[in-house]
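Below are the chains, spelled out letter by letter.
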Amino acid sequence: MAADPEPGRGRRTRLYALTDGRTAASRHGLTMDTLITAADDADGHGSLPTEWQEILAMCPSPNGRAIAEIAARMQMRLTPVTVLLGELLERGLIRHRPPLDVSETSNVHLLMKIRDNLARL
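By convention here, each chain's residues receive numbers from 1 onward along its written sequence. Where totals are concerned, whole chains, interfaces and linings use all residues; where local detail is concerned, this predicted model gives features only for residues with pLDDT of at least 70, and gives and counts side-chain atom pairs only at 80 or more. To obtain the side-chain values, all non-hydrogen atoms of the structure were included, while hydrogens and water were left out.

**Points about the overall build of the chain**
No. 1: A tally of helices and strands in the chain yields six helices and three strands.
No. 2: Going along the chain from the N terminus, every DSSP run of H or I of four or more residues is numbered as a helix, and every run of E of two or more is numbered as a strand. When the helices and strands of the chain are read in sequence order from the N terminus, they spell out α-β-α-β-α-α-β-α-α.
No. 3: In the chain, which comprises 121 residues, the proportion classed as buried is 29%.
No. 4: Considering only intrachain contacts with a sequence separation of at least 6, the fraction spanning at least 24 residues in the chain is 67%.
No. 5: Here the Shrake-Rupley method, with its probe set to 1.4 Å, supplies the accessible areas, and only the displayed protein chains count as covering residues. Of the roughly 8,600 Å² of accessible surface on the chain, a fraction of 54% belongs to carbon and sulfur atoms. For each residue, the accessible area found with a 1.4 Å probe, counting protein chains only, is set against the maximum for its type, and the residue is called buried under 20%, exposed over 50%, and partly exposed in between. Working rule for contacts: check all heavy atoms of both residues, and any pair within 4.5 Å makes them a contact.

**A closer look at the packing of helix 2 (residues 50-58) against helix 4 (residues 78-90)**
No. 1: Running from N to C, helix 2 and helix 4 cross one another at 80°; their axes reach a closest spacing of 11 Å. When the interaxial angle is binned, helix 2 and helix 4 end up roughly perpendicular. Contacts between helix 2 and helix 4 involve Glu51, Trp52 and Ile55 on the former and, on the latter, Leu84, Leu85, Glu87 and Leu88.
No. 2: The residue inventory of the contact of helix 2 with helix 4, partitioned by class, reads five nonpolar, no polar and two charged. Axis angles are defined between N-to-C directions and span 0 to 180 degrees, where every axis is a line fitted to C-alpha atoms and, for a helix, only to the segment in contact. When describing relative orientation, an angle under 35 degrees is termed roughly parallel and one over 145 degrees roughly antiparallel, while 65 to 115 degrees is termed roughly perpendicular and anything else oblique. All amino acids are sorted into three groups, where Ala, Val, Leu, Ile, Met, Phe, Trp, Tyr, Cys and Pro are nonpolar, Asp, Glu, Lys and Arg are charged, and the leftover types, Gly among them, are polar.

**Structural notes on the packing of helix 2 against helix 3 (residues 67-74)**
No. 1: Following both chains from N to C, one finds helix 2 and helix 3 inclined at 125°, their axes separated by 11 Å at the closest point. With respect to their mutual orientation, helix 2 and helix 3 come out oblique. The two elements helix 2 and helix 3 meet at a crossing, and its hand is right-handed. Contacts from Glu51, Glu54, Ile55 and Met58 in helix 2 reach Ile70, Arg73 and Met74 in helix 3.
No. 2: Taken together, the residues of the contact of helix 2 with helix 3 break down into four nonpolar, no polar and three charged. Throughout, a crossing is termed right-handed when the near helix is turned clockwise from the far one, and left-handed when it is turned anticlockwise from it by less than a right angle.

**Quick notes on the sheet that holds strand 1 (residues 35-38)**
No. 1: When DSSP finds two or more bridges between two strands, those strands count as paired. Strand order in the open sheet formed by three strands is 2-1-3, with antiparallel pairing between adjacent strands. A single partner strand is all that each edge strand has here, and the edge strands are strand 2 (65-66) and strand 3 (94-97).
No. 2: As defined by bridge partners, strand 1 adjoins strand 3 across four bridges and the pair is classed as antiparallel. Each residue of the ladder has a partner; that of Ile36, found in strand 3, is His96.

**Digging into the pairing of strand 1**
No. 1: By the bridge criterion, two bridges tie strand 1 to strand 2 in an arrangement that is antiparallel. Looking at the pairing, Ile36 lines up with Arg65 of strand 2.

**Concerning the nonpolar core**
No. 1: Formed by 21 residues in total, the largest nonpolar core has its most connected members in Ile36, Ile55, Ile70, Val81, Leu85, Leu88 and Ile94.
No. 2: Looking at this core, the elements that each hand over two or more residues are strand 1, helix 2, helix 3 and helix 4.
No. 3: Among the elements that make up this core, the one with the highest residue count is helix 4 (five residues).
No. 4: Leave out the neighbours within four places in its chain, and Val81 touches Ile67, Ile70, Ala71 and Met76. Residues belong to a common nonpolar core when they are buried Ala, Val, Leu, Ile, Met, Phe, Trp, Tyr or Cys residues joined through side-chain atoms within 4.5 Å.

**Quick notes on the side chain of Thr34**
No. 1: With respect to the helices, strands and loops of the structure, Thr34 is situated in the loop between helix 1 (15-18) and strand 1.
No. 2: For Thr34, a relative accessible area of 2% puts it in the buried group.
No. 3: Contacts described as polar in this section are N or O atom pairs within 3.5 Å, which, within protein, must combine one atom able to donate a hydrogen with one able to accept it, while residues neighboring in sequence count only if both atoms come from side chains. Within the structure, Thr34 has its side chain in polar contact with the backbone nitrogen of Thr31 (distance 2.9 Å).
No. 4: When sequence neighbours within four positions are dropped, the list of residues in contact with Thr34 reads Gly29, Arg65, Ala66, Ile67, His96, Arg97, Pro98 and Pro99.

Laid out in structure tokens, this is it:
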């Protein structure tokens, strides 16, 4: 008998079972750098599948996490995680926000303001 690759962790569900065989992500345009936060009304999610609960727990408001980070922490590929997130989004359990546009992150005056405010802290 082969040793369990992750001691202490039970047998993992097959990815096709988690996604009900779907291989396409939702129509919401989720990308690997989209930020995900749990909805404020996502309390009492004890009856949800374990993977959904895990996602909601790691994406508290207001900061949340990028989809790529969620996939890495869950040790899953991006496509199944994106499919799961699409289901959560359709049920209203998460919110998504696209990452900042390049024009928003390259504004030198904005970056200097942020630096100055951080220095005051």
